[in-house]
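Here is how the chains run, residue by residue.
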Amino acid sequence: MSPTVAAVDVTKLLSPSSKEPSIVDVPAMQFLMVDGVGNPNTSVTFQEAIQALYSLAYGAKFMLKKSGVEFSVSPLEALWGTARGFNPKQKAAWRWTAMIMLPDVVKSSVLDEVRSEALRKKPMPMLAKVRLETFHEGLSAEIMHIGPYSAEAPTIAVLHDFIKKQGHRLAGRHHEIYLGDPRRSAPERLRTVIRQPMRAR
């Protein structure tokens, strides 16, 4: 039987209540990350970024499986913001970072090999821009949003109000973790973890 990689236990981080926010301390984790600007609903670059991330993540998974190491590909995540913070209405100005968490067993050398192989099979404009980076979010508040992405505003407002009532301020970028697949799930059934880093005032 092939050994399974012992990864950071993120089960609790991916299952907050949808009724009220909770406080979490997010550990440092390794991610595939790629940056861009613009409305994700209309941006070709955003779609190309997602394609590049999954190509590398699954490529690494299958390559390491051949050597007896197995891991599951984590959900797609994204950091969102503008030059003045996060405004849900200013989608054209959004600066985003699309990302997928990888276990530490995946090294840069593995990704370089996977990237080269992927480019031989199909040109992907964003593939060269994907980086492997450690991201430490730290103290944060999060809540589960159930429903379409377009209806997140009230949930975000509840989260921000909770942070202020805790005597903290928003710090870092708005963070979303997509547990549902919009191609397969009805909009009202989509589940998205909404997380906001925070610091003491």
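Throughout, a residue's number is its position along its own chain's written sequence, starting from 1. This being a predicted model, a pLDDT of at least 70 is required before a residue's local features are given, and a value of 80 or more before pairs of side-chain atoms are given or counted; all residues contribute to the totals for chains, interfaces and linings. Excluding hydrogens and water, the side-chain figures rest on all heavy atoms present in the structure.

Draft legend 1. Looking closely at the overall build of the chain. Across its full length, the chain carries 3 helices and 9 strands. Working definition: helices are DSSP H or I runs of at least four residues, strands are E runs of at least two. Numbering for both runs from the N terminus. Along the chain direction, N to C, the helices and strands of the chain fall in the order β-β-α-β-β-α-β-β-α-β-β-β. Dimensions along the principal axes, computed over C-alpha positions, put the chain at roughly 50 × 35 × 35 Å. Within the chain, buried positions represent 45% of all 201 residues. In the chain, the proportion of contacts linking residues at least 24 apart, taken out of those at least 6 apart, comes to 75%. Total accessible area on the chain stands at roughly 11000 Å², and carbon and sulfur atoms take up 53% of it. We treat Lys and Arg as the positive residues and Asp and Glu as the negative residues; His and chain ends play no part in the count. For the purpose of locating charges, the reference atoms are NZ of Lys, CZ of Arg, CG of Asp and CD of Glu. Once the 27 positive and 19 negative side-chain charges of the chain are each reduced to a mean point, those two points are 4 Å apart. Under the scheme applied here, a residue whose accessible area is under 20% of the maximum for its type counts as buried, over 50% as exposed, and between as partly exposed, the area being computed with a 1.4 Å probe on protein chains only. The criterion used for residue contact is that any of the two residues' heavy atoms lie within 4.5 Å. Residue-level accessible areas treat just the shown protein chains as cover; the underlying method is Shrake-Rupley with a 1.4 Å probe.

Draft legend 2. How the structure looks around the confidence of the model for the chain. Values of pLDDT, which run from 0 to 100, indicate the predictor's confidence residue by residue. With 96% of its residues at a pLDDT of 70 or more, the chain has an overall mean of 90. When the criterion is pLDDT under 50, residues 1–8 qualifies, and its contacts beyond four places in sequence or with other chains add up to 13 contacts.

Draft legend 3. Representation of helix α3 (residues 153–165) within the structure. Look at α3: 18 Å from first C-alpha to last across 13 residues, which is about the 18 Å you get at 1.5 Å a residue. Along α3, the positions that sit buried rather than exposed are T155, I156, L159, H160, F162 and I163. Down the axis, α3 shows its buried residues gathered within 155° of arc, on one side only. Exposed residues on α3 whose side chains face more than 90 degrees from its buried face are P154 and K165. Packed against the buried residues of α3 are β1 (22–26), β6 (138–146), β7 (168–170), β8 (174–178) and β9 (191–200). G167 sits one or two positions beyond α3 and adopts a positive phi of about 80°. By this rule, a helix spans an expected 1.5 Å times one less than how many residues it contains. Directions are taken from the helix axis to each C-beta atom, and the arc is the one they span.

Draft legend 4. Structural context of the packing of helix α1 (residues 44–65) against helix α2 (residues 108–121). Simply put, an axis is a line fit to the C-alpha atoms, just over the touching stretch for a helix, and the angle between two N-to-C directions goes from 0 to 180 degrees. Closest axis-to-axis distance for the α1/α2 pair is 9 Å, and the angle between their directions is 115°. In this view, α1 runs roughly perpendicular relative to α2, as classed from their interaxial angle. Once α1 is placed against α2, the crossing between them reads as right-handed. Between α1, through S55, L56, G59, A60, M63 and L64, and α2, the contact on the second element is made entirely by V110, L111, E113, V114, R115 and A118. For the contact of α1 with α2, the class distribution of residues is 8 nonpolar, 2 polar and 2 charged. Any angle between 65 and 115 degrees counts as roughly perpendicular, while under 35 counts as roughly parallel, over 145 as roughly antiparallel, and the rest as oblique. What makes a crossing left-handed is the near helix being turned counterclockwise from the far one by less than a right angle; a clockwise turn instead makes it right-handed. In this classification, Asp, Glu, Lys and Arg are treated as charged, Ala, Val, Leu, Ile, Met, Phe, Trp, Tyr, Cys and Pro as nonpolar, and every other residue, Gly included, as polar.

Draft legend 5. Structural view of the packing of aromatic side chains. Two rings belonging to Phe, Tyr or Trp (six-membered ring only in the last case) form a pair when the distance between their centres is within 6.5 Å. Interplanar angles under 30 degrees mark stacking, angles over 60 mark edge-to-face geometry, and anything in between is tilted. This structure, assessed with the given rule, holds 7 aromatic pairs. Seen in terms of ring centroids, F46 and W96 are 5.0 Å apart; in terms of plane orientation they differ by 85°. Their pairing is edge-to-face. Note that F46 is positioned in helix α1 and W96 in strand β4 (residues 95–102), a separation of 50 residues in sequence. For the pair F46 and W96, one class covers both residues: buried. Ring geometry for Y58 and F62: centres 6.1 Å apart, planes at 35°, overall tilted. In this pair, Y58 and F62 both sit in helix α1, 4 residues apart, roughly one turn of the helix. Connected via pairs of aromatic rings, a cluster forms that spans F46, W80, W94 and W96.

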